[in-house]
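Chain and residue survey
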Amino acid sequence: MKRVHHRNHQEQKKCPSIIMMRLAGLCVFSTIILSVVFSLSLVLRDPPSDAVPISVPRWIDDKLLAGLLPAGFDETSCLSRYDSLINRKGLSAKPSSYLISRLRKYEALHRECGPYTESYNKTVKDLRSGVPSQSSSAACKYLVWISYSGLGNRILTIASAFLYALLTNRVLLLDPGLDMTDLFCEPFPHASWFLPPDFPLRAQFHHLNQKSAHCYGKMIKDKSVTASFVYLHLAHDYDDQDKLFFCDEDQRFLDQVPWLLVRTDNYFVPSLFLMPSFEQELNQLFPNRETVFHFLARYLFHPTNRVWGLVIRYYEAYLANVDERVGIQIRVFDTGTGPFQHVLDQILACVFKENLLPDVNRKQATISSSGKPKSKAVLMTSLSSGYSEKVRDMYWEFPTTTGEAVGVFQPSHEGYQQTENQMHNQKAWAEMYLLSLTDVLVTSSWSTFGYVAQGLGGLKPWILYKPENRTAPDPPCQRAMSMEPCFHAPPFYDCKAKKGIDTGKLVPHVRHCEDMSWGLKLVHNYA
């Protein structure tokens, strides 16, 4: 009994020391965990441009598109933002860590300077006074995008305006027009990108033109050096003075103006890549130049729940359960009532020549095949139903030479473009997104509708050449150099030499477009 009592007494003496050791270990472990959490919070809040990507659970990484999208939104308010249907396709490339860092910084700036913040209210007060103020006295600078042109053009120009705002540390605010709030979700957390209805210059938007005293081109002609705001006319009809916007010397003046208003129907990004003052920043943001619109579009443009319902229902009903999806976007610039036979001939020549769709056997009623045939869904978009009906009938009336099963579908056929019709634009936006979900894509020359679809989907399309004299071109189509849109009306001017120059031959990554010989587009490592 004494031995047992003695052993218990010794163990009781050891217990305090064991407890103290365990407590010390727990403190050390807690300290390590707190340090890691603190470090992660700093990196996530403001990641360095060369930071090694932090490992996160795969489902989070997929939903946020490798960090391109911000977290913190109410998912039910905009189902398309994190929807698995889109994210399953993913991005065509990985965004740079520097781009992700700059987007998070922009979001912080937008929260600080967005509508009805203290900084916004102060800057608007200065604007109302009409007294010219320098940006050095303004806490925030703004770029106001004025709604203009068709939906495809609007999407391309918003992306252009956002990139310019990112490069110049401005806050982008959109004129909502008649239907913008019904088409697009808010892309920035905790702050709206739509211009408030009481913005003091809103009533002037329709009256601003190249003759306005605040138009930058006219200011240059009049040698005016002060203004409470500057209107940038960058539409297709802009003149040589308006085009000086793309010169570094002029940017130094514009940098001093708190409020810039822009109206454009051009995707002017390629010309930003020709400006020396933006060159280093753009190279860090987009090491792969042909991903500019792809990343910006996936970051900025999320269909509202109403539009997303149109996308989801159609995709699941007609496109989900096939082996391959082929998109064909048709835009006809000919006058008269279609469908036109030469357009149909060109479409079929392209898809057969490039092996995008199987030809049909017009001599046999059936072709036997072993096993389940490969299935293809053809999504056709056009203002006319005639083209899809003829292609659908062809695949119904004759077997394919390969034994593949081909279904042809067209969501809408509105007859003519209705730029300011709300439902028309909702259907158009849904169809752009549906085209972006295809595996291969055929688009029409000059069409901004097609540019948006290829950029969203990260697709290099086959471009149908523009027919001349109602004759199908030979060859019928060409594979695009890149998935970037074309800048239809670029300047041809050397800002330093102050003379005309071919801006499509200055640098390897800005080339002339396949579908518009005078246009410019971004390419990457194209020989």
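Note that the structure is predicted; figures quoted are calculated from it, not measured.

1. Comments concerning the state of the cysteines
- Going through the model one piece at a time under the given rule, you end up with 5 disulfides.
- A sulfur-sulfur separation of 1.9 Å characterises the disulfide bridge that pairs Cys-113 with Cys-140. Given an S-S torsion of about -65 degrees, the disulfide between Cys-113 and Cys-140 has left-handed geometry. Note that Cys-113 is positioned in helix H4 (residues 97-113) and Cys-140 in the loop between helix H5 (118-129) and strand E1 (142-145), a separation of 27 residues in sequence.
- By relative accessible area, which is 3% here, Cys-140 ends up buried.
- Along the protein chain, the cysteines that take part in disulfide bonds pair up as 1-4, 2-3, 5-9, 6-7, 8-10, counted in sequence order.

2. Re the packing of aromatic side chains
- A complete count under the given rule lists 29 aromatic pairs for this structure.
- Ring geometry for Phe-162 and Tyr-299: centres 5.9 Å apart, planes at 40 degrees, overall tilted. Of the two residues, Phe-162 sits in helix H6 (residues 151-168) while Tyr-299 sits in helix H12 (residues 292-300), which places them 137 residues apart along the sequence.
- Phe-162 sits in the buried class, given a relative accessible area of 0%.
- For Tyr-299, a relative accessible area of 0% translates into the label buried.
- On the basis of an interplanar angle of 90 degrees and a centroid distance of 5.8 Å, the ring pair of Phe-188 and Trp-193 is categorised as edge-to-face. We note that Phe-188, like Trp-193, is buried.
- Three or more aromatic residues joined by ring pairs form one cluster here, namely Tyr-106, Phe-162, Phe-188, Trp-193, Phe-194 and Tyr-299.
- Residue placement shows Arg-81 over the ring face of Phe-73; its charged tip is 3.5 Å from the ring centre.
- Above the ring of Phe-398, the side-chain terminus of Arg-362 is found at 4.9 Å from the ring centroid.

3. Describing the sheet that holds strand E10 (residues 477-479)
- In space, the 6 strands of this open sheet follow the order E7-E6-E5-E8-E9-E10, with mixed pairing throughout. Two strands bound the open sheet, and with one partner strand each, they are strand E7 (405-409) and E10. Ignoring which end each strand starts from, the neighbouring axes of this sheet average 20 degrees apart.
- Both strand E6 (residues 375-381) and E7 contribute to a ladder of 5 bridges, which runs parallel. Bridge assignment links Ala-377 to a residue of E7, and that residue is Gly-407.
- Against the sheet, helix H14 (residues 341-353) engages strand E5 (324-329), strand E8 (440-444), strand E9 (462-464) and E10, with an angle of about 160 degrees to E9.

4. A word on the confidence of the model for the protein chain
- The pLDDT averaged across the protein chain works out to 88; a share of 85% of its residues lies at or above 70.
- For residues 1-60, every residue scores under 50 in pLDDT, and the model assigns this stretch 14 contacts once sequence neighbours within four places are set aside.

5. Things to note about H4
- If you check H4, its first and last C-alpha atoms are 24 Å apart, about what 17 residues at 1.5 Å a residue would give, namely 24 Å.
- Turning to H4, its buried residues are Tyr-98, Leu-99, Ile-100, Ser-101, Arg-102, Leu-103, Arg-104, Tyr-106, Glu-107, His-110 and Cys-113.
- Residues of H4 that are buried make contact with H5, E1, H6, strand E2 (171-174), helix H11 (276-285) and H12.

6. Structural notes on the pairing of E7
- The alternating pattern of E7 places Val-406 and Val-408 on a buried face and Ala-405, Gly-407 and Phe-409 on a face that is not buried.
- Traced from E6 through helix H15 (residues 386-397) to E7, the parallel crossover comes out right-handed.

7. Concerning H15
- Relative to the 16 Å expected for 12 residues at 1.5 Å per residue, H15 spans 16 Å between its end C-alpha atoms, a close match to the ideal helical length.
- Of all the positions in H15, only Gly-386, Tyr-387, Ser-388, Val-391, Met-394 and Tyr-395 are classed as buried.
- For H15, the elements touching its buried residues are H14, E6 and E7.

8. Here we look at the side chain of Asp-175
- With respect to the helices, strands and loops of the structure, Asp-175 is situated in the loop between E2 and helix H7 (180-183).
- One buried charged side chain, Asp-175, makes no salt bridge at all; its nearest oppositely charged neighbour is Arg-202, positioned 4.1 Å away.
- Leave out the neighbours within four places in its chain, and Asp-175 touches Trp-145, Ile-146, Ser-147, Met-180, Leu-195, Arg-202 and Phe-205.

9. What about empty space enclosed by the protein?
- Using the criterion set out here, one finds 5 cavities of 30 Å³ or more in the structure.
- The space that makes up the largest cavity amounts to roughly 160 Å³.
- Looking at side-chain class alone, the lining of the largest cavity contains 7 nonpolar, 3 polar and 3 charged residues.

Conventions used here
- Residues numbered from 1 in each chain as written.
- Predicted model: local features only at pLDDT ≥ 70, side-chain atom pairs only at ≥ 80, totals over all residues.
- Heavy atoms only, no water.
- Disulfide = S-S within 2.5 Å.
- Helix = DSSP H or I, 4+ residues; strand = E, 2+ residues; numbered from the N terminus.
- Buried < 20%, exposed > 50% of the residue type's maximum accessible area, 1.4 Å probe, protein only.
- Phe/Tyr/Trp six-rings, centres within 6.5 Å; stacked < 30°, edge-to-face > 60°.
- Lys NZ or Arg CZ within 6 Å of the ring centre and 35° of its normal.
- Pairing = 2+ DSSP bridges.
- Axes fitted to C-alpha atoms, helices over the stretch in contact; angles between N-to-C directions.
- Contact = heavy atoms within 4.5 Å.
- pLDDT = per-residue confidence, 0-100.
- Expected span 1.5 Å × (residues − 1).
- Right-handed = clockwise from strand over helix to strand, strands pointing away.
- Lys, Arg positive; Asp, Glu negative; His and termini not counted.
- Salt bridge = Lys/Arg side-chain N within 4 Å of Asp/Glu carboxyl O.
- 1 Å grid on protein atoms, 1.4 Å probe; cavity = no way out; pocket = protein on both sides within 12 Å on 5 of 7 lines; lining within 4 Å.
- Points joined across faces, edges and corners; volume = space filled by probe spheres on them.
- Nonpolar A, V, L, I, M, F, W, Y, C, P; charged D, E, K, R; others polar.

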